[in-house]
Amino acid sequence: LSDDGQTIVFHPDAPFVAGEEVSCSIAPGIRTDIGGILGGATFDFFVAPAPAAPSPAPAALLEDEAPAVNLFVPRDPARAAAMRSDSLPMAGVVVSGSPSEGRVFLCDIRFDASTYRSHLMILGNDGAPLATRDLIGAGYDFKVQPNGKVTCFDADSRHHLVLNAKLAVVDSLQCGNGYTTDVHELQLLPNGHALLLAYDPQTIDMSAVVSGGNAQARVLGLIVQELDRARDVVFQWRSWDHFQITDCASRPLTGANVDYVHGNSIERDADGNLLISSRHLDEITKISRSTGAILWRLGGTNNEFTFTNDPERFSQQHSARRLSNGHLLLFDNGNYHTPARSRAVEYTLDEAAKTATKVWEYRNAPDVYATAMGSVQRLPDGHTVIGWGTASPALTEVTAEGAEVFELTLPAGIYSYRAFRFDWPPTLAAGVAIRSGSVLRAAHGGQVAVLVTGEDFAPDSLDPATVRLQGVAASGYTPPSAPGGAAELLFPVDLLLASQTPGVRQLELTGSLVSGERIRGAARVTIEGTRTIGARMVSPVGAVPIRIALRSDGVNPRRVRLAAYDVRGRRVCRWTAEADPAGIAAWDGRRPDGAPLASGIYFLRTEGSALTETAKVIIAR
């Protein structure tokens, strides 16, 4: 049973034979965990006549640390030996506003030099490299996934590589069922599954399809796959089953090679179904994740929508993305606009009435035309990052109003398939739990044990010196006792409660991994009761600074948030008192800005805390 809880995966005892027909028969009677009984099913499929060339084992790509030189194992050692060690291309930037937070992600490629080595590049707003890595050959789609993992496609190994914050390879993904992984897209889903593309070449007699067609044409179909965490294929969709070759009206179909679909992006929609961008169909297609059936077609010769205010529509597009507001954002290469020009464009879709309404677009001034590639990315603050593919500039960042705030260019002849902006280092989600339960009692004091787990990182990779719970450093650390277990950290209760009031609270945990990624998580706790802090003067009258002994139920608090009130009850000063191991806090009778309080009687009281105090101080100057 796959980790999705609804897909049964069968692994054959013996490999299928090339060219054979496989007949499957599933007897009725499989029970579900909710008491249901599944009916039977039968189906057939064919195995390709010649299996795809095997890819190198993912283990050959794994490295413990980012090396000073490239250690990738090439498929063709002779080709790797001929690769030039090209220098990092210099990026030119123009900052004309306030760019969003984060760093620029690019991977350079050239089409006029087969021996060019791509570079993974993370750049600052001044164009200076903050982190880089060389690849053996071409690289594509360098980005941070929604779960914080960094990925790119390595054309030499034909794998999507997973990297850590030091740009060391820690994992890799490729398509299953014998298909060779395509460069265009990898989407990692919140449940740990992966969406990938493959191109499927088959020999077709195109003379029976179109006049003048090649009788032995090599025709490329599109394969969409979803892999579960175990890398089993749990969903597969084939263009052969749903598209006609003649759906492609913008490309010649009479040559020896016919690429009639050319899928270049996959997007999981809010309802769990999938959006596919097919460049050579000029179409965005929504397909059912459960059945594979086409739900609707937007653009191209099979368009089902009325474009209410965009009569030219889009053509040869890339990077179709569903936004959180339900809109569709894409990069329109515009090969068939008159004149040809590229843009980022956003639509609202009424999927019932089948209408598409343009609500936003950005065109460079003057217009630029990207014959191929390109990307769009909507940032949390409403800015949009546009990767111009084969055009120049390479990247433009604009506000929601279309004002340009950042532009990056690459040297002539050097391009980036996509261009992005992401927070760096990436932040991974951490699971946080209180070992003793979700209740913290102020009267108990002592230490609280916190358990930290991670879906996307190993808890034993924590850097405990960096971990903070609500800003408080850990006083102890125990690594996991078994793989996949939880790391345990201890935190002093007094320090945690110094910034918390009784009630239900969210305690935020932050920190870093030894590999450089940041982690973030939170534990929901109920804080009960209060503890009284006794405070007494221990310095002579008139001495400055004032020395105050703090005691709380037999324990010396180390940090307390204090405020001073005058005799009328007005707060005149607030500060954090840091006590020494003996519980002695010093205060010079001044505000945090250094201004001295006037002579008089003041009452000290803790604020924003489950700790309370009643201390009277007299200042005589």
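Located above this text is the structure these notes cover.
An account of the accompanying structure is given in this report. (Residues numbered from 1 in each chain as written. Predicted model: local features only at pLDDT ≥ 70, side-chain atom pairs only at ≥ 80, totals over all residues. Heavy atoms only, no water.)

**Describing the overall build of the chain**
Inference 1: Assigned secondary structure in the chain consists of two helices and 47 strands.
Inference 2: Looking at the chain as a whole, 49% of its 621 residues qualify as buried.
Inference 3: Sequence-distant contacts in the chain: of pairs separated by 6 or more residues, those separated by 24 or more amount to 55%.
Inference 4: Surface summary for the chain: the accessible area is close to 28,100 Å², and the carbon and sulfur share equals 52%. (Helix = DSSP H or I, 4+ residues; strand = E, 2+ residues; numbered from the N terminus. Buried < 20%, exposed > 50% of the residue type's maximum accessible area, 1.4 Å probe, protein only. Contact = heavy atoms within 4.5 Å. Areas by Shrake-Rupley, 256 points an atom, 1.4 Å probe, with all protein chains shown as cover.)

**Points about the pattern of salt bridges**
Side chains carrying opposite charge are able to pair once their charged atoms draw close together.
Inference 1: By the definition in use, this model includes 31 salt bridges.
Inference 2: We note a salt bridge from Glu 455 to Arg 229, for which the minimum N-O separation is 3.0 Å. Of this pair, Glu 455 sits in the loop between strand E33 (447-454) and strand E34 (468-469) while Arg 229 sits in the loop between strand E13 (217-227) and strand E14 (233-238), and the two are 226 residues apart along the sequence.
Inference 3: Ionic pairing is found between Lys 286 and Asp 269, a salt bridge with its closest N-O pair at 2.9 Å. Here Asp 269 lies in the loop between strand E16 (263-268) and strand E17 (274-278) and Lys 286 lies in strand E18 (residues 283-287), a separation of 17 residues in the sequence.
Inference 4: Salt bridges sharing common partners tie together Asp 141, Lys 143, Glu 185, Glu 267, Arg 321 and Arg 418. (Salt bridge = Lys/Arg side-chain N within 4 Å of Asp/Glu carboxyl O.)

**Notes on the pairing of strand E27 (residues 395-398)**
Along any regular strand, the residues point their side chains to alternate faces of the sheet.
Inference 1: Here E27 shows no split at all, with Leu 395 and Glu 397 on one side and Thr 396 and Val 398 on the other all buried.
Inference 2: Bridge analysis of strand E26 (residues 384-387) against E27 gives four bridges, and the strand direction is antiparallel. Note on E27: the bridge partner recorded for Gly 387 is Leu 395.
Inference 3: Counted along the chain from E27 to the antiparallel partner strand E28 (residues 404-409), the turn is five residues long, and its residue Gly 402 has a positive phi close to 90°. (Pairing = 2+ DSSP bridges.)

**Regarding the sheet that holds E28**
Inference 1: Pairing in this open sheet of five strands is antiparallel, and the strands run E3-E28-E27-E26-E25 from one edge to the other. Here the strands that pair on one side only, and so sit at the sheet edges, are strand E3 (92-95) and strand E25 (375-378). The average undirected angle you get between the axes of adjacent strands in this sheet is 10°.
Inference 2: In terms of strand pairing, E3 meets E28 through four bridges, oriented antiparallel. Looking across to E28, one finds that Gly 92 is bridged to Thr 409. (Axes fitted to C-alpha atoms, helices over the stretch in contact; angles between N-to-C directions.)

**A short note on the sheet that holds strand E9 (residues 159-163)**
Inference 1: Taken in spatial order, the four strands make up an open sheet running E7-E8-E9-E10, and their pairing is antiparallel. Edge positions in the sheet fall to strand E7 (139-144) and strand E10 (169-173), since each has one partner strand and no second. On average, adjacent strands in this sheet sit at an angle of 20° to one another, irrespective of strand direction.
Inference 2: Where E7 and strand E8 (residues 150-154) come together, four bridges link them in antiparallel fashion. Bridge assignment links Val 144 to a residue of E8, and that residue is Val 150.

**Some thoughts on the packing of aromatic side chains**
Pairs of aromatic rings are described using the distance from one ring centre to the other and the angle between the two planes.
Inference 1: Applying the stated rule across the entire model yields 15 aromatic pairs.
Inference 2: Aromatic pair Trp 237 and Phe 243: ring centres 5.4 Å apart, planes at 75°, arrangement edge-to-face. Taken individually, Trp 237 and Phe 243 each receive the classification buried, so the pair is uniform in this respect.
Inference 3: When the ring of Phe 314 is compared with that of Tyr 347, the centres are 6.3 Å apart and the planes differ by 55°; the resulting orientation is tilted. On the criterion of sequence distance, the pair formed by Phe 314 in the loop between strand E20 (306-307) and strand E21 (318-322) and Tyr 347 in strand E23 (residues 343-350) is long-range, its members being 33 residues apart.
Inference 4: The exposure class of Tyr 347 is buried, given its relative accessible area of 0%.
Inference 5: Joined through ring pairs, the aromatic side chains of Phe 105, Phe 142, Phe 420, Phe 422 and Trp 424 make up one cluster.
Inference 6: Lys 354 extends its terminal NZ or CZ atom over the ring of Phe 305, reaching a point 6.0 Å from the ring centre. (Phe/Tyr/Trp six-rings, centres within 6.5 Å; stacked < 30°, edge-to-face > 60°. Lys NZ or Arg CZ within 6 Å of the ring centre and 35° of its normal.)

Function cannot be read off these values alone, since they describe shape.
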